[in-house]
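Now for the letters of each chain:
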Amino acid sequence: MIRHSTFLGAAVVAAALVAPNAPLGAAGSAISGTVKVTGLASGADAVVYIQQAAGTFPAAKPVEMDQRKMQFIPHVLPVVAGTTVKFLNSDPTPHNVFSPDNEKYNLGTWPQGQTKDHVFATCLKPPCVYTQLCRVHPEMEGFVVVLQNPFFAVTNKEGHYEIVNVPPGAYTLGVWHAKAKAQPKPVTVGADKPATVDFTLGR
Ligand SMILES: [Cu+2]
């Protein structure tokens, strides 16, 4: 599954919203690249994101984090601040949903086929990372990463990411990974000038 493509739709909508006066055809460009994590075989599940973009960004429509085969899917879910996440249980066993981070929440425990919502509306200094846990199954873990704008992508198992339709401008590109870190990098994109930014994360 190509996780980063899940967010293309949101980025397209947001680009249209933030650039209402842009001439027709002056869509943004892509920022893409590869993330390597020192000591890990896979560069998957890193979030690459523009730290701060001009304008305000409405919440995307609700997105889903599933609990299926004893895993949170997707393992890493970036969202724009204010977005509702629908936590679904697809397993025949009850699961719990809680996070010990930031404002903390415990949505309870519920059976197969049901969802409960949490609105990620309190993030004052993005990124706000919520470790997503299940009290019934201590080995289960996921992450919700709350961001200021919809210009983000999650790396696939090759470590590749692509953020599409970024409005022309100069930005700082951050990267988040559950187990490794790297400094942000500057990036400039033009109307027809995509950019490539690679990261090597250390632990
Ligand atoms: Cu569980």
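The following refers to the structure shown. All residue numbers refer to positions counted from 1 along the written sequence of the respective chain. For a predicted model such as this one, the threshold for reporting local features is a pLDDT of at least 70, and the threshold for listing and counting side-chain atom pairs is 80 or more; totals across whole chains, interfaces and linings nevertheless cover every residue. Excluded from the side-chain calculations are hydrogens and water; all other atoms, namely the structure's heavy atoms, are used.

## Let's talk about the pattern of salt bridges
Here is step 1: Each salt bridge in this description consists of a side-chain nitrogen of Lys or Arg and a carboxyl oxygen of Asp or Glu lying within 4 Å of one another. Overall, the coordinates contain three salt bridges when judged by the stated rule.
Here is step 2: In this structure, aspartate 66 and arginine 68 form a salt bridge, with 3.0 Å as the shortest nitrogen-oxygen distance.
Here is step 3: Note on aspartate 66: relative accessible area 7%, which makes it buried.
Here is step 4: One salt bridge connects aspartate 117 with lysine 86, and the closest N-O pair in it is separated by 3.1 Å. Here aspartate 117 is found in strand E9 (residues 115-119), whereas its partner lysine 86 is found in strand E6 (residues 84-89), with 31 residues between them in sequence.
Here is step 5: For aspartate 117, a relative accessible area of 39% translates into the label partly exposed.
Here is step 6: The exposure class assigned to lysine 86 is partly exposed, which follows from its relative accessible area of 29%. Relative accessibility under 20% of the residue-type maximum defines a buried residue, over 50% an exposed one, and the middle range a partly exposed one, all with a 1.4 Å probe and only protein chains included. Numbering of helices and strands runs from the N terminus; a helix is a DSSP stretch of H or I covering at least four residues, while a strand is a stretch of E covering at least two.

## With respect to the side chain of serine 32
Here is step 1: Mapped onto the fold, serine 32 is located in strand E1 (residues 29-37).
Here is step 2: Using a relative accessible area of 17% as the deciding quantity, one classes serine 32 as buried.
Here is step 3: Excluding its chain neighbours within four sequence positions, the residues that come into contact with serine 32 are His160, Tyr161, Glu162, Ala195, Thr196 and Val197. Here, two residues are considered to be in contact whenever any of their heavy atoms come within 4.5 Å of each other.

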